[in-house]
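# Residue-level structural notes
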Amino acid sequence: MANTLAKFKKYTDKLDEVYQNAAITSVLDGDGSLVQMGANAGEMIIPKISMDGLADYSRNGGYVAGDVTLSSETVNFNYDRGRVFTVDAMDNEETAGAAFGRLAGEFVRTKVAPEMDAFRFAAYATHDGIGKKTGELTGGSDVLAALLEGQNVMDDAEVPEDQRYLFISSGLYNLILNVDTITSKAVLDSFEKVVKVPKSRFYTEILLQDGSTEGQTEGGFIKGDAAKQINFMIIHKPALLQYPKHTVNKIIAPQDNQTSDGWKFFYRAYGLAEIYENKTAGIYLHSKA
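Quick look at the structure, then. (Residues numbered from 1 in each chain as written. Predicted model: local features only at pLDDT ≥ 70, side-chain atom pairs only at ≥ 80, totals over all residues. Heavy atoms only, no water.)

## Comments concerning helix 5 (residues 140–156)
- With 17 residues, helix 5 should reach 24 Å at 1.5 Å per residue; the first-to-last C-alpha distance of 24 Å fits that figure.
- Residues of helix 5 that are buried include every one of Gly 140, Val 143, Leu 144, Ala 146, Leu 147, Gly 150, Gln 151 and Met 154, and no others. With its buried residues spanning 160° around the axis, helix 5 presents them on a single face. Exposed and facing more than 90 degrees away from the buried side of helix 5 are Ser 141 and Asp 156.
- The elements touched by buried residues of helix 5 are strand 6 (164–169), helix 6 (170–176), helix 7 (181–188), strand 10 (230–236) and strand 13 (283–287).
- One or two steps after helix 5, the chain reaches Glu 158, where phi turns positive at roughly 65°. (Helix = DSSP H or I, 4+ residues; strand = E, 2+ residues; numbered from the N terminus. Expected span 1.5 Å × (residues − 1). Buried < 20%, exposed > 50% of the residue type's maximum accessible area, 1.4 Å probe, protein only. Arc of directions from axis to C-beta. Contact = heavy atoms within 4.5 Å.)

Next comes the structure, spelled out in structure tokens:
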């Protein structure tokens, strides 16, 4: 039994790797060391600085004094989800360990990663101050024109050109491929990375089912009542506060299980998906009308 448990523990050690491969928004994860925890649990403190601009220099009076203001922005962690599963010891033994051995990886790949992506896109899409446009895009030329318009909006807002990521629905991406190769390549190459997003993860609003209320016991997420399908999002990575702060994946073997003769798998994800207060121009959303 000890050897079996060691194998399962080795498997769960790779859960973070599974998440990185399956969660398309993982490329936007930030460095948590750049911010500090707040005075209260569940919050972060983000330092901010503002200052006066240039003033006229006087040959008699010299420099005009300017003000520098150091302040902070407090944000609360907004994602805290978890589940526990039990696989009977005999069910697991009769499937040569496949029942429990596959559970962890499949759960992360098919349930955790899609929900994290959907939550993050919806959180950014509903934020005040970001660039937004709605409309139907029916051809590759329409898509390219909409992408250029989004880039122009960011350029005018002086958003740096580097680290702009394009997240686009698979259908629209394929439409672009039908356009003149030189034109489409020039537009797509202007982004740090182009990521295709399944439609099921790409809504402006979602509902996270709590797992206990009637009608929500299966958990996961569903499309929100007022949700729009997202066509594409341009995201400047430094604009985001995206941190998977705490991930728990632990296993209890049958001999240590006090309630049943079964393997227990626990998973919890706790994190933050937010936009810096002064960097909302770093997000551009194009959705269906």
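So much for the structure itself; the text now carries on.
## So, the side chain of Gln 229
- Residue position: Gln 229 is located in the loop between strand 9 (221–223) and strand 10.
- Under the relative-accessibility criterion, Gln 229 is labelled buried at 14%.
- Side-chain polar atoms of Gln 229 contact the backbone oxygen of Lys 199, separated by 3.0 Å.
- Apart from residues no more than four positions distant in its own chain, Gln 229 is found in contact with Lys 199, Phe 202, Tyr 203, Ser 287 and Lys 288. (Polar contact = N/O pair within 3.5 Å; in protein donor to acceptor, adjacent residues only side chain to side chain.)

## Focus on the sheet that holds strand 6
- As summarised here, the arrangement of the five strands in space is 5-13-10-6-7, forming an open sheet in which the pairing is mixed. A single partner strand is all that each edge strand has here, and the edge strands are strand 5 (131–134) and strand 7 (193–197). Geometrically, the sheet is characterised by an average inter-axis angle of 15° between neighbouring strands, direction not taken into account.
- The sheet contact formed by strand 5 and strand 13 spans four bridges and is parallel. The residue of strand 13 that forms the bridge with Gly 131 is Tyr 284.
- Its contacts with the sheet put helix 5 on strand 5, strand 6, strand 10 and strand 13, and the angle it makes with strand 10 is roughly 30°. (Pairing = 2+ DSSP bridges. Axes fitted to C-alpha atoms, helices over the stretch in contact; angles between N-to-C directions.)

## Thoughts on the packing of aromatic side chains
- Throughout the structure, instances matching the rule amount to ten aromatic pairs.
- Ring centres of Tyr 57 and Tyr 63 lie 4.9 Å apart, and the angle between their planes is 70°; on these two criteria the pair is classed as edge-to-face. Each member of the pair, Tyr 57 as well as Tyr 63, is classed as exposed.
- Measuring from ring centre to ring centre gives 5.0 Å for Phe 85 and Phe 107, while their planes differ by 70°; the resulting arrangement is edge-to-face. (Phe/Tyr/Trp six-rings, centres within 6.5 Å; stacked < 30°, edge-to-face > 60°.)

## Section: the sheet that holds strand 11 (residues 240–252)
- Spatial ordering of the open sheet is given by 4-12-11, a layout of three strands whose pairing is antiparallel. Each of the sheet's edge strands pairs with one partner strand only, and the pair in question is strand 4 (79–88) and strand 11. Going from strand to strand, the sheet's axes swing by 10° on average, the running direction of each strand aside.
- Pairing between strand 11 and strand 12 (residues 262–275): eleven bridges, direction antiparallel. Bridge pairing in strand 12 links Lys 250 to Phe 266.

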